[in-house]
Amino acid sequence: MRLLVVSTPVGALGSGRGGGVEITALALVAGLLERGHQLTVLAAEGSTLPASCAAAALWAEPGVDQPSWQHRPRGAAVELPADALLGHLWRRALLRQAEFDVILNLAYDWLPLWLTPHTATPLAHLVSMGSVADVMDGLIAEIARSHPRHLAFHTAAQAADFDLTQPPRLVGNGFDLSRYSFQAEPAELLGWAGRIAPEKGLEDAAAAAARLGLPLAVWGLQEDPAYARRVEASVPPGTLQWRGFLPTDQLQAELGRCAVLLNTPKWNEAFGNVVVEALACGVPVAAYARGGPAELVQEGHTGALAAPDDVAALVAAVRRARGIERRHCRAWAEQRCSQQAFAARIEAWLEAMAGPTLAHR
Ligand code: UDP
């Protein structure tokens, strides 16, 4: 297939502002290239692709980022800033659509979803979040009725947020596991990784670390610095070790030293990339039993689950997770979340969706 992958209108690839969508985009592109497809990536100016995606063409567009839906009121109206990146991306996608068999949209945004019935080239959407806005819920429900095969989701917990008429297509997620090294011997250190924003619940991980008397290393982009300061002030000095946002190669080297990764979503986390990234390094995960992480963490095998928002339960989960055999974590990631298996699932979805069009080529 000749595929056009349209990236997030929140940040350039490599900036971290796009959150988990960035790593999903790269795994998907690298994995589909390996399977012999032709890939073009349309993304914000300043985006970079790793060597594994070198065979893909990169088209860049300038423009102003979209506001993230998850940080707006649930009833908010659709908003487009002046000189919107989203508008630039989709103008280019529509102008060049005849050169592709499928357009794959990774943006959680109104405009590309709304375009679904109006493109000549089939337009597929990998939905990257659960329900966060009424207007998006309504449109996803509408497309689920008119074009059900055009939608895919990461997990069952995420898909359950939406009003779907058919069983959802679930594709999980994928990672280039060769970039993550197994580390057998942990340090006396807990870890937490993700965008530093209220929906990620860092304050609960910090409180659990303080109760356990262990330092908590924190990796990620400070989306909300005032929130970060509040979390810092909520625990004894020295509990948190701010490590900043690191590229994958450095992140995995540091993450792998942790005894346990804590994952504490306050929202219905669609997947939870950092859970799998930790497991790939051999780090067991203690997570709230909410959203994707509840499907990814296998109690007693790759980590431990706690009742959501219950810090005492999280402390107990960390203690249980410390006894997990680290090799089981790596093995689980290899079995379930390889880039190759993910790309095969995406390929099967896109071929099923665009089948009639492809047959006429
Ligand atoms: N991440 C990173 N460097 C860091 C911290 C995080 O590259 O220092 C990446 C991490 O690899 C993961 C993403 O940020 O892929 C966060 O994705 P996740 O699915 O956990 O949450 P989201 O941001 O999509 O809500």
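A. Structural context of the site of the ligand. Neighbouring the ligand are 17 residues; Gly20, Arg195, Lys200, Leu246 and Glu277 lie closest to it. A distance of 2.7 Å separates an oxygen atom of the ligand from a polar side-chain atom of Arg195. Measuring from a nitrogen atom of the ligand, one finds a backbone N or O atom of Leu246 at 2.7 Å. In the complex, 91% of the free accessible area of the ligand, which totals 550 Å², lies under the protein chains. When contributions to the shell around the ligand are tallied by element, the ones reaching two or more residues are helix 1 (20–34) and helix 9 (273–280). The greatest single-element share of the shell around the ligand, amounting to three residues, is contributed by helix 9. Within the shell around the ligand, the residues separate by chemical class into seven nonpolar, six polar and four charged.

B. Spatial organisation of unusual backbone geometry. For Asp83, which is not glycine, the phi dihedral falls at a positive 60 degrees. Following the sequence through the fold, Asp83 ends up in the loop between strand 3 (57–61) and helix 2 (85–96). You will see that Asp309, though not glycine, has its phi angle at about 70 degrees, which is positive.

C. Local environment of the pairing of strand 10 (residues 260–263). Neither face of strand 10 is open: one carries Val260 and Leu262, the other Leu261 and Asn263, and all of them are buried. Pairing of strand 10 with strand 11 (residues 285–288), which is carried by three bridges, proceeds in the parallel orientation. Note on strand 11: the bridge partner recorded for Asn263 is Ala287. Each parallel crossover has a hand, and for strand 10 linked through helix 9 to strand 11 it is right-handed.

D. The packing of aromatic side chains, seen in detail. Evaluated as defined, the whole model comprises four aromatic pairs. A centroid spacing of 5.8 Å and a plane angle of 75 degrees characterise the contact between Trp59 and Phe100, whose relative ring orientation is edge-to-face. Of this pair, Trp59 sits in strand 3 while Phe100 sits in the loop between helix 2 and strand 4 (102–105), and the two are 41 residues apart along the sequence. With respect to class, Trp59 is no different from Phe100; both count as buried.

E. Looking closely at the sheet that holds strand 12 (residues 303–306). As summarised here, the arrangement of the six strands in space is 9-8-7-10-11-12, forming an open sheet in which the pairing is parallel. Strands at the two margins of the open sheet, each flanked by one partner only, are strand 9 (240–244) and strand 12. For this sheet, the mean inter-axis angle between neighbouring strands, taken without regard to orientation, is 25 degrees. In this sheet, strand 9 lies alongside strand 8 (residues 216–219) in parallel orientation, the contact comprising four bridges.

F. Spotlight on the nonpolar core. Core analysis: the largest hydrophobic core is formed by 33 residues, its most contacted members being Leu28, Leu104, Leu126, Ile346 and Leu350. Elements with a contribution of two residues or more to this core: strand 1 (2–6), helix 1, strand 2 (38–44), strand 4, strand 5 (123–126) and helix 13 (339–359). Of the residues forming this core, the biggest block, nine residues, is contributed by helix 1. In this structure Leu28 touches Val5, Leu104, Leu106, Leu126, Phe342 and Ile346, once residues within four positions along its chain are discounted.

G. Helix 9, seen in detail. Among the eight residues that make up helix 9, eight are buried, leaving the element largely enclosed by the rest of the structure. The set of residues buried in helix 9 consists of Asn273, Val274, Val275, Val276, Glu277, Ala278, Leu279 and Ala280. Looking at the residues trailing helix 9, positive phi occurs at Gly282, about 90 degrees.

H. Here's a closer look at the state of the cysteines. By the definition in use, this model includes zero disulfides. With no disulfide of its own, Cys53 has Cys337 as its nearest cysteine by sulfur position, at a separation of 18 Å. Judged by relative accessible area, which is 1%, Cys53 ranks as buried.

I. Fine view of the environment of Arg74. Structurally, Arg74 can be placed in the loop between strand 3 and helix 2. When its relative accessible area of 38% is taken as the criterion, Arg74 is described as partly exposed. Sequence-wise, Arg74 and Ala313 are 239 residues apart; in three dimensions their C-alpha atoms are separated by 29 Å. When sequence neighbours within four positions are dropped, the list of residues in contact with Arg74 reads Ser131, Val132, Ala133, Asp134 and Asp137. Here Ser131 takes part through its backbone oxygen, which lies 3.0 Å from a polar atom of the side chain of Arg74.

Calculation rules
Residues numbered from 1 in each chain as written. Predicted model: local features only at pLDDT ≥ 70, side-chain atom pairs only at ≥ 80, totals over all residues. Heavy atoms only, no water. Near = heavy atom within 4 Å. Polar contact = N/O pair within 3.5 Å; in protein donor to acceptor, adjacent residues only side chain to side chain. Areas by Shrake-Rupley, 256 points an atom, 1.4 Å probe, with all protein chains shown as cover. Helix = DSSP H or I, 4+ residues; strand = E, 2+ residues; numbered from the N terminus. Nonpolar A, V, L, I, M, F, W, Y, C, P; charged D, E, K, R; others polar. Buried < 20%, exposed > 50% of the residue type's maximum accessible area, 1.4 Å probe, protein only. Pairing = 2+ DSSP bridges. Right-handed = clockwise from strand over helix to strand, strands pointing away. Phe/Tyr/Trp six-rings, centres within 6.5 Å; stacked < 30°, edge-to-face > 60°. Axes fitted to C-alpha atoms, helices over the stretch in contact; angles between N-to-C directions. Core = buried A, V, L, I, M, F, W, Y, C linked by side-chain atoms within 4.5 Å. Contact = heavy atoms within 4.5 Å. Disulfide = S-S within 2.5 Å.

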